[in-house]
Amino acid sequence: MRRHPGCAGASPNPRPWPHALGQGQWRPITRYPKDTPLSEPATPEEVEQQVQEVNAWYAEQILEERRAGSPDPERLKTLKEGLAACAADRQALQDADEDVVAEIAARYAARLKELGGQ
C-alpha cells in the first residue's frame, strides 16, 4: 500500500499530529499506540466520518485565524499541516487494510475527544 509522506506509518518515525490549537493553548496531542483497542471494529466509512469531522475543525480554525486582526503565521501553518494530514489519511483509507483502518480510527477518536474538550 502506498502511503503519503505525512501519513502516520509512512516512516519509522511518523510525524506526530500538529499541536492542539484551542484558545491560545499549545500542547502536544497524545498519540496512541497501534495496539490501542477500539470498542468495536471500525469500518473505513466510519473512520472517514471521523476524519471529516477533524478536517472540518481545522478548516473552521483556519477561517477564524484568517479573520483575526493579526493572524498568527505559525498557527496557520500548523493548522494547514493538520488539514493536509487529514487529506492524506482520507486517501490512505481508500485501500487500507484492517490494521491501518484501526490505527487511523484510534488516532481520530482520540483527536475528536481532545477537540471536544476545547
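How each quantity is defined
Along each chain, residue indices are assigned from 1 in the same order as the chain's sequence is written. For this predicted model, a pLDDT threshold of at least 70 governs which residues receive local features, and a threshold of 80 or more governs which side-chain atom pairs are given and counted, while totals over whole chains, interfaces and linings are taken from all residues. Excluded from the side-chain calculations are hydrogens and water; all other atoms, namely the structure's heavy atoms, are used. Working definition: helices are DSSP H or I runs of at least four residues, strands are E runs of at least two. Numbering for both runs from the N terminus. In this scheme, a residue with accessible area under 20% of its type's maximum is buried, one over 50% is exposed, and one in between is partly exposed, where area comes from a 1.4 Å probe on protein chains only. We call two residues in contact whenever any of their non-hydrogen atoms come within 4.5 Å of each other. Method for areas: the Shrake-Rupley scheme with a 1.4 Å probe, in which residue coverage is limited to the protein chains shown. Axis geometry follows a simple rule: fit a line to the C-alpha atoms, using only the stretch in contact for helices, then measure angles between N-to-C directions, giving values from 0 to 180 degrees. If an angle is under 35 degrees, it is roughly parallel; if it is over 145, roughly antiparallel; if it lies from 65 to 115, roughly perpendicular; otherwise it is oblique. Each crossing gets its handedness from the near helix: less than a right angle anticlockwise from the far helix is left-handed, clockwise is right-handed. By definition, a salt bridge exists where a carboxyl oxygen of Asp or Glu is found within 4 Å of a side-chain nitrogen of Lys or Arg.

Undergrad: Hey, could you run me through the overall build of the protein in this one?
TA: Along the protein, the regular secondary structure elements total three helices and zero strands. Helices and strands appear in the protein in the N-to-C order α-α-α. Looking at the protein residue by residue over its 118 residues, the buried ones come to 36%. Pairs at least 24 residues apart make up 67% of the contacts formed inside the protein by residues separated by at least 6 positions. Split by element, the accessible area of the protein, about 7,300 Å² in all, is 50% carbon and sulfur.

Undergrad: Before we go on, may I ask you to explain the packing of helix 1 (residues 44-67) against helix 3 (residues 98-116) in this structure?
TA: Any two packed helices are characterised by the angle at which their axes cross and by the distance between the axes. One can describe the packing of helix 1 onto helix 3 by two numbers: an axis separation of 9 Å at closest approach and a directional angle of 40°. Classified by the angle their axes make, helix 1 and helix 3 are oblique. Two packed elements cross with a definite hand, and for helix 1 against helix 3 that hand is left-handed. Residues P44, V47, Q50, V51, E53, V54, W57 and Y58 of helix 1 form the contact with helix 3, whose own contacting residues are V101, I104, A105, Y108, A109, R111, L112 and L115.

Undergrad: Honestly, the pattern of salt bridges in this entry has me stumped. Any pointers?
TA: Opposite charge on two side chains makes pairing possible when the charged atoms of those side chains draw close. Taken as a whole and assessed by the stated rule, the structure comprises five salt bridges. A salt bridge links E65 to R75, with the nearest nitrogen and oxygen atoms 2.7 Å apart. Taken as a pair, E65 in helix 1 and R75 in helix 2 (residues 73-93) lie far apart in primary sequence, 10 residues in all. A relative accessible area of 12% places R75 in the buried class. Here E81 and K77 are joined by a salt bridge, their closest N and O atoms 3.9 Å apart. Within this pair, E81 and its partner K77 are both found in helix 2, separated by four residues, close to a single helical turn. One connected set of salt bridges, linked through shared partners, spans D89, E103 and R107.

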